[in-house]
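One-letter residues, chain by chain:
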Amino acid sequence: QVQLVESGGGLVQPGGSLRLSCVASGNILRIYTAAWYRQAPEKERERVAFIGSDGSTKYADSTKGRFTISRDNDKNTVYLQMNTLKPEDTAVYYCNADISTGYMHRRDYWGRGTQVTVSS
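These figures come from a predicted structure and were not determined experimentally.

Rules used in this analysis
Residues numbered from 1 in each chain as written. Predicted model: local features only at pLDDT ≥ 70, side-chain atom pairs only at ≥ 80, totals over all residues. Heavy atoms only, no water. Helix = DSSP H or I, 4+ residues; strand = E, 2+ residues; numbered from the N terminus. Pairing = 2+ DSSP bridges. Salt bridge = Lys/Arg side-chain N within 4 Å of Asp/Glu carboxyl O. Buried < 20%, exposed > 50% of the residue type's maximum accessible area, 1.4 Å probe, protein only. Phe/Tyr/Trp six-rings, centres within 6.5 Å; stacked < 30°, edge-to-face > 60°. Lys NZ or Arg CZ within 6 Å of the ring centre and 35° of its normal. Disulfide = S-S within 2.5 Å.

J.: What is the right way to read unusual backbone geometry from this model?
T.: With the exception of glycine, the majority of residues adopt a negative phi angle, and the majority of peptide bonds are in the trans configuration. The phi torsion at glutamate 42 lies on the positive side, around 60°, for a residue other than glycine. Along the chain, the position of glutamate 42 falls in the loop between strand 4 (28–39) and strand 5 (46–51). Here threonine 84, not a glycine, exhibits a phi torsion of approximately 50°, which is positive. Tracing the backbone shows threonine 84 in the loop between strand 8 (77–82) and strand 9 (91–101).

J.: What's the story with the pairing of strand 10 (residues 107–110) in this structure? I'm lost.
T.: Two faces belong to every sheet, and in a regular strand the side chains alternate between them. With four bridges joining them, strand 9 and strand 10 adopt antiparallel strand pairing. Residue alanine 97 lies in a different strand from strand 10, and its bridge partner there is tyrosine 109. Taken together, strand 9 and the strand that follows it, strand 10, pair antiparallel across an intervening segment of five residues.

J.: Explanation requested: the pattern of salt bridges in the structure shown.
T.: This model, assessed by the stated rule, comprises four salt bridges. Two residues, aspartate 89 and arginine 38, come together in a salt bridge whose shortest N-O distance is 2.9 Å. With aspartate 89 in the loop between strand 8 and strand 9 and arginine 38 in strand 4, this residue pair connects regions lying 51 residues apart in the sequence. Considered together, aspartate 89 and arginine 38 belong to a single accessibility category, that of buried residues. A salt bridge links arginine 106 to aspartate 98; the shortest N-O distance between them is 2.5 Å. Residue classification places arginine 106 among the partly exposed positions, given a relative accessible area of 38%. Since its relative accessible area comes to 10%, aspartate 98 is described here as buried.

J.: Before we go on, may I ask you to explain the packing of aromatic side chains in this structure?
T.: In this description, a pair of aromatic rings is defined by centroid distance and the angle of the planes. Overall, the coordinates contain one aromatic pair when judged by the stated rule. For arginine 45, the ring lying beneath its charged end belongs to tyrosine 37, and the centroid distance is 4.5 Å.

J.: Got a minute to help me understand the state of the cysteines in this structure?
T.: Defined simply, a disulfide is a covalent bond joining two cysteines at their sulfur atoms. As enumerated under the stated definition, the model contains one disulfide in all. The disulfide that involves cysteine 22 links it to cysteine 95, with 2.1 Å between the sulfurs. Between cysteine 22 and cysteine 95, the S-S dihedral sits near -80°, and the bridge is therefore left-handed. One end of the pair, cysteine 22, is in strand 3 (residues 18–25); the other, cysteine 95, is in strand 9, and 73 residues separate them in sequence. Considered together, cysteine 22 and cysteine 95 belong to a single accessibility category, that of buried residues.

Here it is in structure tokens:
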């Protein structure tokens, strides 16, 4: 069974930085694409960043220039570096990945989420 586990969340002051990690485990052949989403109270889920199989990236307008998504294929890990954090970045951040395994074609998997709180 494939599992995605996020880590790196926490409490930071405005202007601070955090790096989130998403580690995929299981009989993984390849992570094709991956993305980070976030959901704040009373807000709809928002895609924060996306990374393609070729390493190409896309970002939400609210995070472009501050957030960077990256991947380490050898470690089956996706990262989200978050700089110049703002209170409005406060949310639960979720990892999503399109993964193929030794037994199945590619499909989406989701992590359980990690809390990011930006407050003074």
